[in-house]
Amino acid sequence: MASTKYTKVDNQADGQEVILGYGATKSRDQEASAEENKRTDEAVHVYPRRWLMLGLFCLYSFSNAVQWIHLNIIANVLDRYYNASLPTDGYERANAIDWLSMVFMLAYVPLIFPATWLLDKKGLRVCMVAGCFLNALAAWLKCASVGENLFGVLMVAQTVAAISQIWVLGIPARLAAVWFGPNEVSTATSLGVFGNQIGIAVGFLTPPELVPNSADLDTIGTHLRNMFYGTAAITTAIFFVNLFFFQKEPPCPPSRAQQQQLELEVNANYGKSLLKLFRNKGFFVLMISYGMNTGSFYAVSTLLNNIILEYYPGEEENAGRIGLTLVLTGILGAVAGGIWLDKTRTFKGTSLGIYLMTTASMAAFAFTLDLGHLWIVFLTAGLLGLTMTGYLPVGFEFAAELTFPESEGTSSGLLNASAQIFGIILTMGMRAMMQNISVLWANITVTIILFFGTIMTGFIHADYRRQAANKEVTERMTNLEIEVDQPTSNWVKHLTPLDTDTEINNQDGLKTHL
């Protein structure tokens, strides 16, 4: 019987090495791909400290949200206390106090662009520390505003607080993408919004308790001073904690999509990024509809004291509690929405469903206020908060999917800019309607706007780019692993021993003697 020989053939030009027999070696190109695959896996890591970073941000967001709403929920008390430094006309007086809230919306619109640029170029830490510092500074300035003729000082302090919040609203999606894995980003974003909502809840609840509507202006001044000093102490502590412990980013990115995005951002042009977002039809429609929804929340929150007192005079404390109910149920909605998105990835369907429920809840709130039963108001406000506030993180994540690989900070910044613009328009519009027509028609108008926002959301194409990027990278790496484990040429798999000196040609044109 003839002996069987196996000859090693090198084809250096193609970088291939073939050993004929019952198997084959891996090509050098495949080995390089496998090594790159291994390095990519090693470069992706999720760190436990991500929860500390998220918690530190929540503290900053919490304290800033308190400063946003803790004045307007006692609007009737401020109207009496700052009487000497407010306009004499009733509408102008009410409008001046409304601007304590609307200045947050006004400051955000022009400042979001440099703020987002700074977030993209310098990272999370610089923006966090700067925001916490301005937040604490605003709180200390408020301590100097206690005086019947010092409303102007109070407005300056509130403006500084408004400047400090330009990073609050855009950071959750960015922080989640930088620190959290692909199966956690939606939950992390919702928890980031959670801190802000807790702050709003405290801002609704505590001021009516701390600053009662007393007939004695000196008593009001004393209680205001105590509230302001307490806020200043808390915000200062939060500043130092963030200064010492908050980190810009983890040593390695938490997901392949984030790794890809970081590589793209090295040479990213902020102006081009903005242009791409505005040209993205799905994102543009989402930006408008998100603004309608969140702007409605801002308007209702700003005017909640006036809305409740119109139907239930003397119920300042219950107005704050209704606001608390609205926000607490909203927190449940936000967290549930984030968990649901991580499980199902149904961003458009979830957004549309929540939006539709928000419209129905606003209608119920509007038409039951005059029934004379506060428990019904608590119930409808809870439903409104569950859906309206629950939409916030869902909108952020839907935008991140539609705009990948553009920065989450940029997309969420534009969403919030839209919300601030609609917030100003709706607050001023509702105030005018409340003064000249009725509170009912002001609320009906908001319901109609939410209805149109629901229709717009239905027209958004479900283009989930971030999911596709993660899936593409995973499939590519899986395919590389399969290729590396297979023989170099198909004919090798069917190779059988041949007689000595038999000459064959393989598919690469190599002559081999067996």
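Residues numbered from 1 in each chain as written. Predicted model: local features only at pLDDT ≥ 70, side-chain atom pairs only at ≥ 80, totals over all residues. Heavy atoms only, no water.

A few points about the overall build of the protein chain
Counted only if it meets this: The helix count covers DSSP runs of H or I at least four residues long, the strand count covers runs of E at least two residues long, and both are numbered beginning at the N terminus. Working definition: with a 1.4 Å probe on protein chains only, accessible area under 20% of the residue-type maximum means buried, over 50% means exposed, and in between means partly exposed. Any two residues whose heavy atoms approach within 4.5 Å are treated as being in contact. With residues, only the protein chains shown are counted as cover, and all accessible areas are computed by Shrake-Rupley using a 1.4 Å probe.
Within the protein chain one finds 20 helices and four strands. Expressed as a percentage of the 514 residues in the protein chain, the buried residues total 54%. Partitioning the contacts of the protein chain with sequence separation of at least 6, the portion at a separation of at least 24 is 83%. When the accessible area of the protein chain is evaluated, it comes to approximately 21500 Å², of which 62% is carbon and sulfur surface.

Focus on the pattern of salt bridges
Formally: Within this document, salt bridges are pairs made up of a side-chain nitrogen of Lys or Arg and a carboxyl oxygen of Asp or Glu, the two lying within 4 Å of each other.
Tallied over the full model, the rule gives four salt bridges. Between Arg93 and Asp79 there is a salt bridge, and its shortest N-O distance comes to 3.1 Å. Of this pair, Arg93 sits in helix H4 (residues 90-122) while Asp79 is found in helix H3 (residues 75-81), placing the two residues 14 residues apart along the sequence. A relative accessible area of 10% means that Arg93 is categorised as buried. Its relative accessible area of 24% is what places Asp79 among the partly exposed residues. Across the salt bridge formed by Glu317 and Arg321, the nearest N and O atoms sit 3.2 Å from each other. Of this pair, Glu317 and Arg321 both sit in helix H13 (residues 316-344), four residues apart, roughly one helical turn.

Section: the packing of helix H5 (residues 124-143) against helix H9 (residues 217-245)
Put simply, the rule is: Lines fitted to C-alpha atoms define the axes, with helix axes restricted to the stretch in contact, and inter-axis angles between N-to-C directions lie between 0 and 180 degrees. Oblique is the label for any angle not covered by the other classes, which are roughly parallel (under 35 degrees), roughly antiparallel (over 145) and roughly perpendicular (65 to 115). The handedness criterion is simple: a crossing whose near helix is rotated anticlockwise from the far helix by less than a right angle is left-handed, and one whose near helix is rotated clockwise is right-handed. For this classification, the nonpolar set comprises Ala, Val, Leu, Ile, Met, Phe, Trp, Tyr, Cys and Pro, the charged set comprises Asp, Glu, Lys and Arg, and every other residue, Gly included, is treated as polar.
At a minimum axis distance of 8 Å, the contact between H5 and H9 shows a crossing angle of 160°. Classed by the angle they form, the pair H5 and H9 counts as roughly antiparallel. Both H5 and H9 take part in a crossing whose hand is left-handed. Contacts between H5 and H9 involve Arg125, Met128, Val129, Cys132, Phe133, Asn135, Ala136, Ala139, Trp140, Lys142 and Cys143 from the first element and Phe228, Tyr229, Thr231, Ala232, Thr235, Thr236, Ile238, Phe239, Asn242 and Leu243 from the second. When the residues that make up the contact of H5 with H9 are grouped by side-chain class, the tally is 14 nonpolar, five polar and two charged.

So, the environment of Ala188
Relative to the helices and strands, Ala188 is located in helix H8 (residues 185-210). Of the residues examined, Ala188 reaches a relative accessible area of 1% and is grouped as buried. The sequence separation of Ala188 and Asp342 amounts to 154 residues, and the corresponding C-alpha distance is 9.9 Å. Not counting residues up to four positions away in its chain, the partners in contact with Ala188 are Leu54, Ala176 and Phe180.

Remarks on the side chain of Thr387
Tracing the backbone shows Thr387 in helix H15 (residues 374-388). Given a relative accessible area of 6%, Thr387 falls into the buried group. Every residue in contact with Thr387, bar those within four places of it in the chain, is listed here: Ile354, Met357, Thr358 and Ser361.

Remarks on the side chain of His70
Put simply, the rule reads: In protein, a polar contact requires one atom able to donate a hydrogen and another able to accept it; more generally it is a pair of N or O atoms within 3.5 Å, and residues adjacent in sequence count only if both atoms are side-chain atoms.
Note that His70 resides in the loop between helix H2 (50-69) and H3. Overall, the relative accessible area of 1% leaves His70 in the buried class. Polar contacts involving the side chain of His70 include one to the side chain of Lys142, which spans 2.9 Å. With residues up to four places along the chain from it excluded, the contact list for His70 reads Lys142, Gly203, Pro207, Met227, Phe228 and Thr231.

As for the packing of helix H12 (residues 281-311) against helix H16 (residues 391-403)
Closest axis-to-axis distance for the H12/H16 pair is 10 Å, and the angle between their directions is 170°. One element, H12, and the other, H16, form an angle in the roughly antiparallel class. Where H12 abuts H16, its residues Gly282, Phe283, Leu286, Ser289, Tyr290, Asn293 and Thr294 lie against Tyr391, Leu392, Gly395, Phe396, Phe398, Ala399, Leu402 and Thr403. Among the residues making up the contact of H12 with H16, the classes are represented as nine nonpolar, six polar and no charged.

Some details on H15
Note the cut-off: Expected helix span is given by 1.5 Å per residue-to-residue step, counting one fewer step than there are residues.
When the terminal C-alpha atoms of H15 are compared, their 20 Å separation across 15 residues agrees well with the 21 Å that a helix rising 1.5 Å per residue should span. By the burial criterion, the buried members of H15 are Leu374, Ile376, Val377, Thr380, Ala381, Gly382, Leu384, Gly385, Thr387 and Met388. Where H15 is buried, its residues touch H12, H13, helix H14 (347-368), H16 and helix H18 (439-458).

Side note on helix H7 (residues 171-179)
Most of H7 sits out of view: nine of its nine residues are buried. Among all positions in H7, only Ile171, Pro172, Ala173, Arg174, Leu175, Ala176, Ala177, Val178 and Trp179 are buried.

Digging into the packing of aromatic side chains
Here is the rule: Think of it this way: a Phe, Tyr or Trp ring, Trp meaning its six-membered ring, pairs with another when their centres are within 6.5 Å, and the plane angle makes it stacked under 30 degrees, edge-to-face over 60, tilted otherwise.
Inspection of the entire model under this criterion finds 13 aromatic pairs. Both rings, one in Phe57 and one in Tyr60, keep their centres 6.2 Å apart while their planes meet at 80°; by these two values the pair is edge-to-face. Here Tyr60 and Phe57 lie together in helix H2, a separation of three residues that amounts to about one turn. You'll find Phe57 and Tyr60 in the same group, each marked buried. Both rings, one in Phe240 and one in Phe244, keep their centres 6.4 Å apart while their planes meet at 20°; by these two values the pair is stacked. Here the residue Phe240 and the residue Phe244 both occupy positions in helix H9, the gap between them amounting to four residues, near one helical turn. What makes Phe240 partly exposed here is its relative accessible area of 41%. By relative accessible area, Phe244 is classed as exposed at 61%. An aromatic cluster is defined as three or more aromatic residues linked by ring pairs; in this entry it consists of Phe133, Phe239, Phe240 and Phe244.

Quick word on the confidence of the model for the protein chain
To keep it simple, the criterion reads: A residue's pLDDT is simply how confident the predictor is in it, with values from 0 to 100.
Of the residues in the protein chain, 77% have a pLDDT of 70 or more, and the chain-wide mean is 79. Confidence, expressed as mean pLDDT per element, reaches its minimum in the protein chain at strand E2 (residues 16-19) with 43 and its maximum at helix H6 (residues 151-164) with 94. Note on residues 498-514: pLDDT under 50 across the span, and 37 contacts to partners over four residues away in sequence or across chains.

Notes on the nonpolar core
Condition: By convention a nonpolar core is built from buried Ala, Val, Leu, Ile, Met, Phe, Trp, Tyr and Cys residues, the set being connected through side-chain atoms within 4.5 Å.
In terms of nonpolar packing, the biggest core is built from 127 residues, with Leu175, Leu224 and Phe365 touching the most fellow members. The element best represented in this core is H12, accounting for 13 residues. Contact partners of Leu224, with chain neighbours within four places excluded, come to Ile74, Leu78, Tyr81, Tyr82, Val146 and Val211.

Let's talk about a nonpolar patch on the surface
Definition in use: What goes into a patch is any residue over 30% in relative accessible area without a salt bridge, connected to like charges within 9 Å or, for nonpolar side chains (Val, Leu, Ile, Met, Phe, Trp, Tyr), within 5 Å.
A contiguous nonpolar patch, built from Leu52, Phe240, Val241, Phe244 and Phe245 and spanning about 510 Å² of accessible area, is present on the exposed surface. It is H9 that provides the largest number of residues to the nonpolar patch, a total of four residues. Checked against the element boundaries, Leu52 lands in helix H2. We classify Leu52 as partly exposed; its relative accessible area is 44%.

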